[in-house]
Protein chains: 2
Amino acid sequence: MKHIIIASTSTLHESNYLGYILDELVSFFKDASTILFIPYARPSGISHDDYTNKVQDAFLKINKHIVGIHTLKDPVKAIKNAEAIFVGGGNTFVLVNQLYKNKILTPLKETVEKGIPYLGTSAGSNVCGLTMNTTNDMPIVQPPSFKTLGLVPFNINPHYLDPDPNSKHNGETRETRIKEFHAFNTQPVIGLREGSWLEVNGSTITLKGHLQARVFEHNKAPYEIDPNTQLDNLK
Amino acid sequence: MKHIIIASTSTLHESNYLGYILDELVSFFKDASTILFIPYARPSGISHDDYTNKVQDAFLKINKHIVGIHTLKDPVKAIKNAEAIFVGGGNTFVLVNQLYKNKILTPLKETVEKGIPYLGTSAGSNVCGLTMNTTNDMPIVQPPSFKTLGLVPFNINPHYLDPDPNSKHNGETRETRIKEFHAFNTQPVIGLREGSWLEVNGSTITLKGHLQARVFEHNKAPYEIDPNTQLDNLK
């Protein structure tokens, strides 16, 4: 049975890394003492070691040991033997490129489908969707494919932002971008605001946190869903 | 001799489409009565016809006839015979995908290098750079390559936005994104604020408009340049 947390962000404004969700992670990771961390997304271009140390600092508070996948010889074996997995945020293009390069996309999907708990934040959440086509990130490297894990039957847009009514900027709003996505693709997109996450338990998908999320379905007006709404039928 | 305008945006806040730059375009397009328009970027997913009509409306004011490349049988021939070319904004991934699909990337480069005037706005400006790796757009389709026209020896970031000091959002700032780009790439990036454009005359590249632009060079602190600064040595 799948156990997945798909979080919009790792960090809330003026809060510590993973601080807002740490209580939740205590129960989510209750059967794991060591978490395999995938630092490939490299936020701000930091090294895998620096990123792993930052994550270890946060998880010390709940007594979890973190192992960076880059420190192990065989990444496929590392995935297959993991007690629990965390894929951190950063740049989704860099992350997906490395997942393909290290040939771990399929092993990762299979391991999570077997029931190994998976936490994703931001880029690590994007890859839970069918494709990475709804990332907000800059395409700083070119992965071989935009196809991702498909652990849920729709796409994720993390860090979802409502249009700013006072903006004088002509760049596209997030809603316009997702509308453009639906000119070429049909799968639904969940806009997860910072502080929200999806909890996947087997075939049940539930919106968690205190905020509404925005759902974009092909050829439908976008709509809001409340916390604790189940999304099992969205596809 | 190359004649290119690389504009950050088509439209300023509370202004008409191309309104802020129309006077400039009178002299830029003085030798052309017909402009070949490339509507491939499809802003908000609008059709090629609707986009072309919008552009025709704007260019009526300066007595130019617009022909959408999608209305012609042979796009390569259309490029080769063009008196002048305008590539409009929208989604850079969609634009680049169509440039490759219609096999016009190389003919377009050659035609512009021969001296046919080229106006680009937003996505149409991104493609003037070496690659599209510094677009702000959502990757809603996957082009075969991120390599673009290379009409200038650096990358463009249109709609450049300064960080908002009041933001409580945890998504990356534009500067952070470009910093991440430089973790994997070495070419300079010009952040063009809305209302700015680069004017290319042969080998001379000049910042135009009333605003400063922000230059990001690999392994250097970013810096501002004033209007009328020449960028001939940036590479």
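Procedures and definitions
- Residues numbered from 1 in each chain as written.
- Chains lettered and ligands numbered in written order.
- Predicted model: local features only at pLDDT ≥ 70, side-chain atom pairs only at ≥ 80, totals over all residues.
- Heavy atoms only, no water.
- Least-squares fit on C-alpha atoms with pLDDT ≥ 70 in both.
- Contact = heavy atoms within 4.5 Å.
- Pairing = 2+ DSSP bridges.
- Helix = DSSP H or I, 4+ residues; strand = E, 2+ residues; numbered from the N terminus.
- Axes fitted to C-alpha atoms, helices over the stretch in contact; angles between N-to-C directions.
- Buried < 20%, exposed > 50% of the residue type's maximum accessible area, 1.4 Å probe, protein only.
- Phe/Tyr/Trp six-rings, centres within 6.5 Å; stacked < 30°, edge-to-face > 60°.
- Buried area = accessible area lost by both parts, 1.4 Å probe.
- Salt bridge = Lys/Arg side-chain N within 4 Å of Asp/Glu carboxyl O.
- Polar contact = N/O pair within 3.5 Å; in protein donor to acceptor, adjacent residues only side chain to side chain.

A. Expanded view of the relation of the copies chain A and chain B. After a rotation of 180° and a shift along the axis of 0.0 Å, chain A superposes on chain B with an RMSD of 0.0 Å. Taken together, the turn and the small shift mark the pair as related by a two-fold rotation axis. In this assembly, 100% of the residues forming the interface of chain A have copies in chain B that are likewise at the interface, indicating an isologous arrangement.

B. Region of the structure containing the sheet that holds strand β7 (residues 189-191) of chain A. Residue and element names in this part refer to chain A. Spatially, the four strands line up as an open sheet ordered β6-β7-β10-β11, and their pairing is mixed. Looking at the sheet topology across the chains shown, the edges are occupied by β6 (155-157) and β11 (223-225). Looking at each pair of strands side by side, their axes are set apart by 30° on average, direction ignored. The pairing of strand β10 (residues 213-216) with β11 spans three bridges and is antiparallel. Across the sheet, R214 pairs through a bridge with E224, a residue of β11.

C. Spotlight on the environment of A:Q98. All names here are of chain A. Relative to the helices and strands, Q98 is located in helix α4 (residues 92-101). Of the residues examined, Q98 reaches a relative accessible area of 18% and is grouped as buried. Sequence separation between Q98 and A41 is 57 residues; the distance between their C-alpha atoms is 8.3 Å.

D. Geometry of the packing of aromatic side chains. Counted by the stated rule, this structure contains 19 aromatic pairs over all chains. Relative to A:F29, the ring of A:F28 lies with its centre 4.9 Å away and its plane at 65°, an arrangement referred to as edge-to-face. Residue A:F29 is classed as buried on the basis of its relative accessible area, which comes to 1%. Arranged with centres 5.9 Å apart and planes meeting at 80°, the rings of B:F93 and B:F146 form a pair that is edge-to-face. Here B:F146 lies in the loop between α6 (123-126) and β6 (155-157) and B:F93 lies in helix α4 (residues 92-101), a separation of 53 residues in the sequence. Looking at B:F146, the relative accessible area reads 3%, which means it is buried. Taken together through their ring pairs, the aromatic side chains of A:F28, A:F29, A:F37, A:Y51, A:F59 and A:F86 make up a single cluster.

E. Quick look at the interface of chain A and chain B. Between chain A and chain B, the contact holds 48 residues from the first and 48 residues from the second. Where chain A abuts chain B, roughly 3800 Å² becomes buried across the two surfaces, and 57% of that area is made up of carbon and sulfur atoms. The largest per-residue losses of area from chain A upon contact with chain B belong to A:M138, A:I140 and A:F184, which jointly make up 18% of the total buried on that side. Seen at the junction of chain A and chain B, the total is two salt bridges.

F. Molecular detail of the pattern of salt bridges. For the structure shown, the criterion picks out 17 salt bridges over all chains. We note a salt bridge from A:R193 to A:D162, for which the minimum N-O separation is 2.9 Å. Remark: A:D162 occurs in the loop between β6 and α7 (174-181) and A:R193 occurs in the loop between β7 and β8 (197-201); sequence separation between them is 31 residues. The class for A:R193 is buried, based on a relative accessible area of 12%. Note that B:E172 and B:R177 form a salt bridge whose closest N and O atoms lie 3.6 Å from each other. Accessibility classification places B:E172 together with B:R177 in one group, the buried group. In this structure, a network of salt bridges that share partners links the residues A:D162, A:E175, A:R193, A:R214 and A:E224.

G. Broad picture of the pairing of strand β8 (residues 197-201) of chain B. All names here are of chain B. Counting buried positions along β8 gives four out of five residues, so the element sits mostly inside the fold. The pairing of strand β1 (residues 3-7) with β8 spans five bridges and is antiparallel. Considered in β8, the bridge of I4 is made with V200. Sheet analysis places β8 next to strand β9 (residues 204-208), joined by five bridges and oriented antiparallel. The residue bridging V200 from the neighbouring strand is I205, located in β9. Here β8 hands over to β9 after two residues, with G202 in that stretch at a positive phi of 60°.

H. Structural context of the pairing of strand β5 (residues 118-121) of chain A. All names here are of chain A. Of the two faces of β5, the one carrying Y118 and G120 and the one carrying L119 and T121 are both buried. Direction of pairing for strand β1 (residues 3-7) relative to β5: parallel, over a ladder of four bridges. The residue of β5 that forms the bridge with I5 is L119. Where strand β4 (residues 85-87) lies against β5, three bridges are found, and the strand directions are parallel. If you follow I85 over to β5, its bridge partner there is Y118.

I. Spatial organisation of the side chain of A:Q56. Residues and elements named next belong to chain A. With respect to the element layout, Q56 can be found in helix α2 (residues 48-60). For Q56, a relative accessible area of 17% gives the class buried. Within polar-contact distance, the side chain of Q56 engages the backbone oxygen of K64 at 3.0 Å. Among all residues touching Q56, those that are not within four sequence positions of it are K64, H65 and I66.

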